[in-house]
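# Structural features, examined
So you can see what is in the structure, the chains are spelled out below.
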Amino acid sequence: HVTIIRTTTSSSNVPLPGSGPLDAAYAKSYSAILKVCLMLSLLIAFLCVRFSIWRYYSYSYSSFSYFEVVTISFMILIFIFYVINIFRIYRMLTCISWPLTELLHYAICTFLLFIASIIVAVNSYTIPALIAGSVFGFIATFLSILDMWLSYKISFTGQSTGATL
C-alpha cells in the first residue's frame, strides 16, 4: 500500500484561448484578494513601527528593525508572487514548482512575522504606534495562515500497488 501526497492550488491554472496576458480570474479569486489585504496590513504595520517615536530610544532598536525588515520583505515577496500569478509567469518558468515555492514562502514568512509581532508587542512600552504595528502584524499573520489554508489543499491518497502480501 503506497501513499501519494498531492498538493494543488486553488487558482485557475487552465489557460483560456485568447485570454490575453492578464489572468482576470485570478485577480478576482480569494487568493488574490487575500494577497492584497495581506500586503496592505503589512504596509500599515511597517509604517506604524517605522514612524513611531521608538527611534529616540536605543533599548529596542534591533527588535523594531527586525520587525521592519520582516514586514517589508514579506510584502515585497507577496507582491512578486501576485505579479507572477496575475501575468501567468509561472507558465514560462516550468522548472520551478510554484505551488510548493509559494507554500514554503508563506510558511517561513508567517513564522518570522509571528515572532516579530510578538517581539514588538512585548517591547511596545505603551507607545500607541507600536501597539498598532504589532496588531497589524498579528492581522497579517492571521491572513497569511488563512491564505495558506484556502489556497493549498493537501490530500493523502492511498494507492494500491497490486502486490499481494
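Going by the annotation in an unreviewed UniProt entry, the name recorded for the protein is MARVEL domain-containing protein, with Hymenochirus boettgeri given as the source organism. The UniProt entry for the protein carries the following comment under Subcellular location (unreviewed entry): "Membrane".

### Looking at the overall build of the protein
Regarding its fold elements, the protein presents five helices and two strands. Listing the helices and strands of the protein from first to last along the sequence gives β-α-α-α-α-α-β. Looking at the protein as a whole, 37% of its 165 residues are labelled buried. Taking the intrachain contacts of the protein between residues at least 6 apart in sequence as the baseline, contacts between residues at least 24 apart amount to 80%. Counting every atom, the protein has about 9800 Å² of accessible surface; 74% of that belongs to carbon and sulfur.

### What to know about the nonpolar core
In terms of nonpolar packing, the biggest core is built from 27 residues, with Leu 38, Leu 42, Val 49, Phe 74 and Ile 78 touching the most fellow members. Elements represented by at least two residues in this core include exactly helix H2 (30-50), helix H3 (61-86), helix H4 (98-122) and helix H5 (128-151). Per-element tally for this core: the top contributor is H3, with eight residues. Residues contacting Leu 38, with those up to four places away along its chain left out, are Phe 74, Ile 78, Tyr 106, Ala 140, Leu 143 and Ser 144.

### Focus: the confidence of the model for the protein
Per-residue confidence for the protein averages 83 on the pLDDT scale, and 78% of its residues sit at or above 70. Considering each helix and strand of the protein separately, the mean pLDDT is smallest for strand E1 (residues 2-9), with a value of 50, and largest for H2, with 95.

### Here we look at the packing of H2 against H4
One way to put it is that H2 packs onto H4 with a least axis distance of 13 Å and a crossing angle of 30°. It follows from the interaxial angle that H2 and H4 lie roughly parallel. Judged by the sense of rotation from one axis to the other, the crossing of H2 with H4 is left-handed. In this structure, H2 uses Lys 35, Leu 38, Leu 42 and Val 49 to contact H4, whose residues at the interface are Glu 102, Tyr 106, Leu 113 and Val 120. Among the residues forming the contact of H2 with H4, the class breakdown is six nonpolar, no polar and two charged.

### As for the UniProt feature "transmembrane region" (unreviewed entry) in the protein
UniProt feature "transmembrane region" (unreviewed entry): in the numbering of this structure it lies at residues 36-57, 69-91, 103-123 and 129-150. Split by type, residues 129-150 is 100% helix and 0% strand. Its first and last C-alpha atoms lie 31 Å apart.

### A word on H3
An ideal rise of 1.5 Å per residue puts 38 Å on 26 residues; H3 measures up with 37 Å between its terminal C-alpha atoms. Looking one or two residues beyond H3, the residue adopting positive phi is Arg 88, at roughly 55°.

Definitions and limits used
Residues numbered from 1 in each chain as written. Predicted model: local features only at pLDDT ≥ 70, side-chain atom pairs only at ≥ 80, totals over all residues. Heavy atoms only, no water. UniProt positions renumbered as here; feature names shortened; annotations may be inferred. Helix = DSSP H or I, 4+ residues; strand = E, 2+ residues; numbered from the N terminus. Buried < 20%, exposed > 50% of the residue type's maximum accessible area, 1.4 Å probe, protein only. Contact = heavy atoms within 4.5 Å. Areas by Shrake-Rupley, 256 points an atom, 1.4 Å probe, with all protein chains shown as cover. Core = buried A, V, L, I, M, F, W, Y, C linked by side-chain atoms within 4.5 Å. pLDDT = per-residue confidence, 0-100. Axes fitted to C-alpha atoms, helices over the stretch in contact; angles between N-to-C directions. Parallel < 35°, antiparallel > 145°, perpendicular 65-115°, else oblique. Left-handed = near helix turned anticlockwise from the far one by under 90°. Nonpolar A, V, L, I, M, F, W, Y, C, P; charged D, E, K, R; others polar. Expected span 1.5 Å × (residues − 1).

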